[in-house]
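# Understanding the architecture of this molecule
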Amino acid sequence: MGLTLTEKIIKSHLVKGDMTKGSEIGIRIDNTLTQDSTGTMAYLQFEALSIDQVKTKRSVAYIDHNILQTGPENADDHLYIQTVAKKHGIYFSKPGNGICHQVNLERFDVPGETLIGSDSHTPTAGGMGMLAIGAGGLDVAVAMGGGEYYIINPKVVKVNLKGKLNTMVSAKDIILEVLRQVTVKGGVGKVFEYIGEGVKYLSIPERATICNMGAELGATTSIFPSDEKTKEFLEAQGRVEDFKELSADKDAVYDEEVVINLDELQPLVACPHSPDKVEKVSGIKNLKVNQIAIGSCTNSSFVDLMKVSEILKGKTIAENVSLVIAPGSKQVLTMLSKNGALANLVSAGARILECACGPCIGMGQSPSTDAVSLRTFNRNFEGRSGTVSAKVYLVSPETAAVSALTGVLTDPREFKETVEKIEIPEKFLINDNLIVSPSKTPEDIEIVRGPNIKPFPKAKPLSDDITGKALIKVEDNITTDHIMPSNAKLLPFRSNIPHLADFCLTPCDKDFPKNAKENNGGFIVAGSNYGQGSSREHAALAPLYLGIKAVFAKSFARIHKANLINNGIIPLVFESENDYDKISKGDELEINDTINQVQTGTVYVENISKGEKYKMILDIPERQKDMLICGGKLNQIKKSEK
Ligand code: MIC
Ligand code: SF4
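Residues numbered from 1 in each chain as written. Chains lettered and ligands numbered in written order. Predicted model: local features only at pLDDT ≥ 70, side-chain atom pairs only at ≥ 80, totals over all residues. Heavy atoms only, no water.

### Here we look at the nonpolar core
Among the nonpolar cores identified, the biggest contains 74 residues, and I27, F512 and Y530 are the most heavily contacted of them. Tallying contributions element by element places helix α5 (residues 137-144) first for this core, with six residues. Not counting residues up to four positions away in its chain, the partners in contact with Y530 are V474, I478, I483, L505, I524, V551, A553, S555, F556, A557 and H560. F233, I294, L374 and A400 belong to the second-largest nonpolar core, a separate cluster that totals 51 residues. (Core = buried A, V, L, I, M, F, W, Y, C linked by side-chain atoms within 4.5 Å. Buried < 20%, exposed > 50% of the residue type's maximum accessible area, 1.4 Å probe, protein only. Helix = DSSP H or I, 4+ residues; strand = E, 2+ residues; numbered from the N terminus. Contact = heavy atoms within 4.5 Å.)

### Overview of the environment of L176
On the secondary structure map, L176 appears in helix α6 (residues 171-182). Residue classification places L176 among the buried residues on the basis of a relative accessible area of 0%. A C-alpha to C-alpha distance of 7.0 Å links L176 and A270, two positions 94 residues apart in sequence.

### Overview of the site of ligand 1
Close to ligand 1 lie 14 residues, the nearest being S37, D119, S120, S535 and R536. S120 places a side-chain nitrogen or oxygen 2.4 Å from an oxygen atom of ligand 1. Across the complex, the protein chains shield 97% of the 340 Å² of accessible surface that ligand 1 would expose by itself. For the shell around ligand 1, the class distribution of residues is one nonpolar, eight polar and five charged. (Near = heavy atom within 4 Å. Polar contact = N/O pair within 3.5 Å; in protein donor to acceptor, adjacent residues only side chain to side chain. Areas by Shrake-Rupley, 256 points an atom, 1.4 Å probe, with all protein chains shown as cover. Nonpolar A, V, L, I, M, F, W, Y, C, P; charged D, E, K, R; others polar.)

### Here we look at the packing of aromatic side chains
Counted by the stated rule, this structure contains seven aromatic pairs. For the ring pair Y91 and F108, a centre distance of 6.3 Å and an interplane angle of 45° mean the geometry is tilted. Residue Y91 is located in strand β5 (residues 91-93), and its partner F108 is located in the loop between α4 (100-107) and β6 (114-117); the two are separated by 17 residues in the primary sequence. Classification of F108 as buried rests on a relative accessible area of 11%. Both rings, one in F574 and one in Y580, keep their centres 6.2 Å apart while their planes meet at 90°; by these two values the pair is edge-to-face. Neither F574 nor Y580 differs from the other in exposure class; each is buried. Here the aromatic cluster, defined as three or more aromatic residues joined through ring pairs, consists of F233, F302 and F428. Note that K164 overlies the ring of Y201, its terminal NZ or CZ placed 4.8 Å from the centroid. (Phe/Tyr/Trp six-rings, centres within 6.5 Å; stacked < 30°, edge-to-face > 60°. Lys NZ or Arg CZ within 6 Å of the ring centre and 35° of its normal.)

### Section: the site of ligand 2
Neighbouring ligand 2 are H65, H101, D119, H121, S296, C297, C357, C360, I361, N378 and R384. Of the residues in the shell around ligand 2, the class split is four nonpolar, five polar and two charged.

### A word on helix α2 (residues 36-48)
The end-to-end C-alpha distance of α2, which contains 13 residues, comes to 18 Å, matching closely the 18 Å that a straight helix rising 1.5 Å per residue would cover. Of all the 13 residues making up α2, eleven are buried; the element is thus mostly covered by neighbouring parts of the structure. Taken together, the buried positions of α2 are occupied by D36, S37, T38, G39, T40, M41, A42, Y43, L44, Q45 and F46. Where α2 is buried, its residues meet β3 (31-34), β4 (58-62), α3 (72-88), α5, α14 (497-501) and α16 (538-545). Residue S50 follows α2 closely and has a positive phi angle near 55°. (Expected span 1.5 Å × (residues − 1).)

### Describing unusual backbone geometry
A cis geometry characterises the amide bond from P272 onward to H273, with omega recorded as -5°. Mapped onto the secondary structure, H273 falls in the loop between β13 (268-270) and β14 (278-280). The backbone of N286 sits at a positive phi, close to 55°, despite the residue not being glycine. Checked against the element boundaries, N286 lands in the loop between β14 and β15 (291-294). You will see that D370, though not glycine, has its phi angle at about 60°, which is positive.

### Considerations on the sheet that holds strand β8 (residues 149-152)
An order of β1-β2-β8 is seen for the three strands of this open sheet, with the pairing classed as antiparallel. On the outer flanks of this sheet lie β1 (14-16) and β8, each paired with one strand and no other. Ignoring which end each strand starts from, the neighbouring axes of this sheet average 45° apart. Sheet topology note: the β1/strand β2 (residues 24-27) ladder contains two bridges and is antiparallel. The residue of β2 that forms the bridge with K16 is G26. Helix α1 (residues 5-13) rests against β1 and β2 of the sheet, and its axis sits at about 55° to β1. (Pairing = 2+ DSSP bridges. Axes fitted to C-alpha atoms, helices over the stretch in contact; angles between N-to-C directions.)

### Details of the side chain of H101
If you trace the backbone, H101 turns up in helix α4. According to the relative accessible area criterion, H101 is buried, its value standing at 3%. A distance of 3.5 Å separates a polar atom in the side chain of H101 from the backbone oxygen of H121. Excluding anything up to four places from it in sequence, H101 contacts L33, D119, H121, T122, T124 and C297.

### Points about the UniProt feature "domain: Aconitase A/isopropylmalate dehydratase small subunit swivel" (unreviewed entry) in the protein chain
The positions UniProt marks with the feature "domain: Aconitase A/isopropylmalate dehydratase small subunit swivel" (unreviewed entry) are residues 518-576. As a span, residues 518-576 carries 31% helix and 27% strand, and end to end its C-alpha atoms are 31 Å apart. (UniProt positions renumbered as here; feature names shortened; annotations may be inferred.)

### Topic: the confidence of the model for the protein chain
Summarising the model, the protein chain shows a mean pLDDT of 97, and 100% of its residues fall at 70 or more. The secondary structure element of the protein chain with the lowest average pLDDT is helix α21 (residues 633-641), at 92, and the one with the highest is strand β11 (residues 221-223), at 99. (pLDDT = per-residue confidence, 0-100.)

Structure follows, in structure tokens:
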């Protein structure tokens, strides 16, 4: 029986476990990446491991998220990351060089290798035929130290791309269609492997767009084969030696299949407030638009922005629209400025932003009250833009550019002028002068720590009797943006958990932090897909700081669940979803004989206030059960070193 591409890469990197589907496996990690908003924590944790030099083939630290410098905090964190990187063998991509996933694609991704990153959109590298997975900072720290990375051996879904896209329909519409079919929770425990005749028409940045937004499916990752297009791209990036042809075996067996007829695909839009609320652009009439934002790690490549420039050339954006554009990298911005495309954008009325995440993570450009904002990004969770009442719609660059001209959401196929087909250039402009190499004399490097860098909270070994109140009860699909909001005011405190904790879960209940502190911690009760979205460990560290001992949910998102366990918080799943309805906020709850119960994988929770008992499931491997008993990953590592 043949293997899928996913299975081939896993097999060649397997260090723990076997290829049984659904069982836990440990894989060797060739590459890591971090960005600044999760990076400070990841490097503090790396330092706690006391390892001198990283043991990966390549590790890169990016500055791309926390780029607004309205006080010293972000700049201090940049300096900390720059010095810690230089000392420990890590490449450092300076602010201005671009968004981690875009730059990694251009300069570092290698087909067939593994990558984990402290960012949920790390799967972008799947466009290059890499097995690339988003993880919590601590898992990345351990991988930098040479430790394996653990996942549940995923199911592999074949996404069969039939036919060829029509003009003005693009890669973004493909992933929106996958999201429409599969939903934001349909991808948990799966890898989406793209095959079919449509693949050969998609360039690497287009494939990267699809894999990037595959994160919104809750998937482990997404991947494309490495073929002629991959070779062309690597050649144009001056690194053809990294090319290796890779594909699934002809007789590979897939666990599921999704079919997309590209010829029939239309421009799509994800409506507020979820990436899977997908509709046809042509079906939404007269939606007046206030803001349009083009960029983010999903759609900020050279090809994307060239298409936008072609559409805007010689025109002016509508009076009611504010258009902001953030190129994905210095390479993209330099090329646009050399070939004149930048002039087209600026003279049409675009406001050009730094090559960084920017508005995607609420770092400036928050829309006006109740505004409609069209974005080429990947997430439209409520409030993420920095304006709670804003309605964010996710679209392709073509839809965004045409709508910028009309001022209403417009099907780009209505744009009747000929837009030149944009191919990737034969040679990209290569200049790595903003990538700082690690030091050859690391002992001479002093790590600079600003006053904002506070020690992170550490979990304690599991106690046998846990009591506390149900401090909050939340519904389905609570995102990490709810649990640990991120915006221009809070992002500077990513290395200061005591400060952040005062905002934990406040979009759901503004008194949650106060309540948690007054009650000495307690429990969180949640619906399904709890913790979807980002990889930010802060969504576990802030609850840990507030004394949260366990979360009871109908189901969990993959990265958040791992982050909770890494930090000693027990993620329990209701055996019967009806029990969710029975618990009320404020109920006194108790878990007895916790250590034994954790070991068995079935945990009974007593509701003292109501005289009831609920059966909960802890469906995790032995390694993670032991981790909970030790009080998190760092304690487990310390124990194993004794
Ligand atoms: C995001 O898109 O939410 C982020 C910001 O890139 C996060 C990381 C973070 O919270 O810092 C992610 O996706 O992992
Ligand atoms: Fe940055 Fe947005 Fe991409 Fe996250 S999703 S890495 S914030 S551009």
